[in-house]
Amino acid sequence: MAVLVLGGAGYIGSHTARALLEAGRDVVVADNLETGFRAAVPEQARFYEGDIRDRAFVDHVFESEQIEGVIHFAANSQVGESMKEPLKYYDNNLCGTKTLLDSMVAHGVDKIVFSSTAATYGEAERMPILETDPTEPTNCYGETKLSMEKMMKWVSLAHGLRFVALRYFNACGAQPDGSIGEAHDPETHLIPLILQVPNNQREQIAIFGDDYPTPDGTCIRDYIHVCDLAQAHILALDYLLKGGENNVFNLGNGVGFSVKEVIEQARSVTGHPIPAKIEARRAGDPAQLIASSEKAKTVLGWKPQYDDLHTIIETAWKWHQSHPNGYTE
């Protein structure tokens, strides 16, 4: 029996496909390559190029393979874009998931691990954030992810589907050997943007606001290594395969780092001064976002291996140095 990784040519999906193979699992990857890269898909995985909004394509995958569980990364995920093009996000994220679940029900595949997001919480009322805290998304991306979670809940009640939703925070880092890593166009994540400076791709990094109610005035975020995220998805799938019930888990380090702290660590890793410029706050940026991952550690037995910021940035730097233009070289 195989594991189907939807969106397995993307950043987190490709690392998860790699981790599954290293764990001895049979892996099938499906991706439309809109934002993913064929070169990121492990050679040992069987690859299907297509879109999950295409019911005939999804049916074809399920009819061609014996799938025991699905890990679902296939979604648009840019917050800013979601506010400008909300219908694109409803079409891909919600309509795609609806088509996927239709096909899963029709083919008797009843286990899915869903890549959700901390954006489901919106402006959190307390830190660290717990899974039981209110979900009030402040952007369309977070709203569609929360709606996808709810869709799975109702399909579960009607058809016996079992799901785990993993709400994670700032994914970062790369495969330690530098073979695969983060490649977005446009890039919006802090660590790769910072590393573009020592990679001679930008002159300086912008800090959006230094007057937040935090120790150094810059925003604090919870950074989680992509390989630790991959392991959590595998643990969540095994939890379902062993009979676990529907569940939601936060994934993070439980420790926040400010923008200035991340830049300082990047200077240490790269040996580059990395000039930084203070600019105006961006609308909607919370002062801090930190996850409590105690539930995932207790229930799933998850143990992050890369919880040191210096090490996280080292793995990212190894990737970006050897692949300054991502997978396009």
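Keep in mind the model is a prediction, meaning the values are calculated, not measured.

Caption draft 1: Fine view of the sheet that holds strand 6 (residues 162-168). An order of 3-2-1-4-5-6-10 is seen for the seven strands of this open sheet, with the pairing classed as parallel. Lying at the two open borders of the sheet, with one neighbouring strand each, are strand 3 (46-49) and strand 10 (247-251). Here the average twist between neighbouring strands, direction ignored, is 20°. Its contacts with the sheet put helix 1 (residues 11-22) on strand 1 (2-6), strand 2 (26-31), strand 4 (67-72) and strand 6, and the angle it makes with strand 2 is roughly 165°.

Caption draft 2: Quick peek at the layout of surface pockets. When its volume is computed, the second largest pocket comes out at roughly 240 Å³. Ala183, His184, Pro324, Asn325 and Gly326 are, among the 19 residues lining the second largest pocket, the residues nearest its centre. For the lining of the second largest pocket, the elements supplying multiple residues, two or more each, are helix 6 (190-195) and helix 10 (309-322). Taken together, the residues of the lining of the second largest pocket break down into seven nonpolar, nine polar and three charged.

Caption draft 3: Quick peek at the pattern of salt bridges. Applying the stated criterion across every chain, the model contains 16 salt bridges. One salt bridge connects Asp51 with Arg53, and the closest N-O pair in it is separated by 2.7 Å. The residue Asp102 makes a salt bridge to Lys98 at a minimum N-O spacing of 2.8 Å. Placement of the pair is Asp102 and Lys98 together in helix 4 (residues 86-106), with a separation of four residues, close to one helical turn.

Caption draft 4: Seen up close, the packing of helix 2 (residues 55-64) against helix 4. Packing of helix 2 against helix 4 brings their axes to within 9 Å, and their N-to-C directions diverge by 40°. The handedness of the crossing between helix 2 and helix 4 is right-handed. For the pair formed by helix 2 and helix 4, the contact residues are Arg55, Val58, Asp59 and Phe62 on the first element and Thr99, Leu100, Asp102, Ser103, Met104 and Ala106 on the second. Considered class by class, the residues forming the contact of helix 2 with helix 4 number five nonpolar, two polar and three charged.

Procedures and definitions
- Residues numbered from 1 in each chain as written.
- Predicted model: local features only at pLDDT ≥ 70, side-chain atom pairs only at ≥ 80, totals over all residues.
- Heavy atoms only, no water.
- Pairing = 2+ DSSP bridges.
- Helix = DSSP H or I, 4+ residues; strand = E, 2+ residues; numbered from the N terminus.
- Axes fitted to C-alpha atoms, helices over the stretch in contact; angles between N-to-C directions.
- Contact = heavy atoms within 4.5 Å.
- 1 Å grid on protein atoms, 1.4 Å probe; cavity = no way out; pocket = protein on both sides within 12 Å on 5 of 7 lines; lining within 4 Å.
- Points joined across faces, edges and corners; volume = space filled by probe spheres on them.
- Nonpolar A, V, L, I, M, F, W, Y, C, P; charged D, E, K, R; others polar.
- Salt bridge = Lys/Arg side-chain N within 4 Å of Asp/Glu carboxyl O.
- Left-handed = near helix turned anticlockwise from the far one by under 90°.

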